[in-house]
Amino acid sequence: MPVIVNISASTVREFGEVAFYLSNNDSMKLISGIEVNVSCPNIKKGGAVFGSDPGLVEQIVRTVKKQVSSSMVVITKLSPNVTDICLPARAAIAGGTDAISMINTLRGMAIDIDTGKPFLGNKSGGLSGPAIKPVGVFMVYECFKNIPECRKGKVPIIGIGGISTWHDALEYIMAGATAVGIGTAWFISPDIFKKIYRGLKKYVETHNKKISDFIGNAH
Ligand SMILES: Cc1cc2nc3c(=O)[nH]c(=O)nc-3n(C[C@H](O)[C@H](O)[C@H](O)COP(=O)(O)O)c2cc1C
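Residues numbered from 1 in each chain as written. Predicted model: local features only at pLDDT ≥ 70, side-chain atom pairs only at ≥ 80, totals over all residues.

Participant: Could you clarify how one ought to interpret the pairing of strand 4 (residues 99-102) in this entry?
Facilitator: Successive side chains on a regular strand alternate, one facing one side of the sheet and the next facing the other. Every second residue of strand 4 is oriented toward a common face, with Ala99 and Ser101 on one face and Ile100 and Met102 on the other, all of them buried. Examined bridge by bridge, strand 3 (residues 73-77) and strand 4 share 3 bridges and lie parallel to one another. Looking across to strand 4, one finds that Ile75 is bridged to Ala99. Handedness of the crossover is the feature at issue here: the chain leaves strand 3, passes through helix 3 (residues 86-94), returns alongside strand 4, and the resulting connection is right-handed. In this sheet, strand 9 (residues 157-160) lies alongside strand 4 in parallel orientation, the contact comprising 3 bridges. (Buried ≥ 20, exposed ≤ 12 C-beta atoms within 10 Å, placed from the backbone. Helix = DSSP H or I, 4+ residues; strand = E, 2+ residues; numbered from the N terminus. Pairing = 2+ DSSP bridges. Right-handed = clockwise from strand over helix to strand, strands pointing away.)

Written out as structure tokens, the structure reads:
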């Protein structure tokens, strides 16, 4: 079972340090990939997320790639809190990413009407689950359509966001994802991976095709 470690940091330099630590440690033997979470706040720029600044995304990916061996896969996990997802995606590719994953959570807020105050301790928080699926599917579609490296499979896309059934997973694949990731649905249903795998397997067998035959079919 390949292990991919998701990393985050508060500065570009810190991203490099975390990657260096993971690459020069006994744990390295267990790790086949690093997923760089650029949705975290940049302390040096007043807390704005790295992922909304393409220049910083490129710098982070380049820094991480420099610290890891060429056998270690580097995936860049993009933030959806941007106007055009293709900009950070292209920046990650320029920095040397091997794959991109999208999307992380969208920023949201809930107000407790009894106290009249934001409900979450941190005031705002990350929205995940079924509500964000159309945003994720659209962003995967956009990157597949507009970025030749993604369309040709050179930099594959991992589709994430609101997947809770095999139908959802297939939507992402048809939009252009080569693989999918599941977060929130797993908290509700620990056997979600098995269920989605079985559903997809049945679907492709019924159509006498392979799952890869469906990548980007919506275009
Ligand atoms: C409780 C929770 C913790 C998360 N922690 C991380 C994290 O550490 N790094 C990261 O890149 N994404 C993190 N995410 C984002 C998820 O990996 C995923 O991108 C997002 O929730 C959308 O997928 P979903 O709708 O299947 O949950 C977290 C999400 C949740 C709900």
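Participant: Honestly, the site of the ligand in this entry has me stumped. Any pointers?
Facilitator: What surrounds the ligand is a group of 17 residues, the closest being Asn37, Ser128, Gly161, Gly183 and Thr184. Here the residues of the shell around the ligand are counted per class, giving 5 nonpolar, 11 polar and 1 charged. (Near = placed C-beta within 6 Å. Nonpolar A, V, L, I, M, F, W, Y, C, P; charged D, E, K, R; others polar.)

Participant: Please clarify how the sheet that holds strand 3 should be interpreted in this entry.
Facilitator: Neighbouring strands of a sheet are bound in pairs by backbone hydrogen bonds; such pairs are parallel or else antiparallel. With parallel pairing, the 6 strands of this open sheet are ordered in space as 1-2-3-4-9-10. The open sheet terminates on both sides in strands that have one partner only, identified here as strand 1 (3-7) and strand 10 (179-181). Neighbour-to-neighbour, the strand axes of this sheet turn through a mean angle of 25°, independent of strand direction. As judged from the 3 bridges shared by strand 9 and strand 10, these two strands associate in the parallel manner. Bridge pairing links Ile160 to Gly181 in strand 10. Of the strands in this sheet, strand 2 (31-37) and strand 3 touch helix 2 (residues 54-67), which is tilted by about 160° from strand 3. In the packing of helix 4 (residues 133-146) onto the sheet, contacts are made with strand 4 and strand 9, and the angle to strand 9 comes to roughly 165°. (Axes fitted to C-alpha atoms, helices over the stretch in contact; angles between N-to-C directions. Contact = placed C-beta atoms within 7 Å.)

Participant: Looking at this model, I keep getting lost on helix 3. Mind explaining?
Facilitator: In an α-helix, one turn spans 3.6 residues; hence positions three or four apart end up facing the same way. Those residues of helix 3 that fall on the buried side of the exposure criterion are Pro88, Ala89, Arg90, Ala91, Ala92 and Ile93. Contacts from the buried residues of helix 3 go to helix 2, strand 3, strand 4, helix 4 and helix 5 (148-151).

Participant: I tried to follow the pairing of strand 2 on my own but got confused; where do I start?
Facilitator: Where strand 1 lies against strand 2, 5 bridges are found, and the strand directions are parallel. Its bridge partner lying in strand 2, Ile7 is registered against Val36. Read as a crossover between parallel neighbours, the route from strand 1 over helix 1 (residues 12-23) to strand 2 is right-handed. Bridge count for strand 2 against strand 3 is 5 bridges, and the pairing is parallel. Within the sheet, the bridge partner assigned to Ile34 lies in strand 3 and is Val74.

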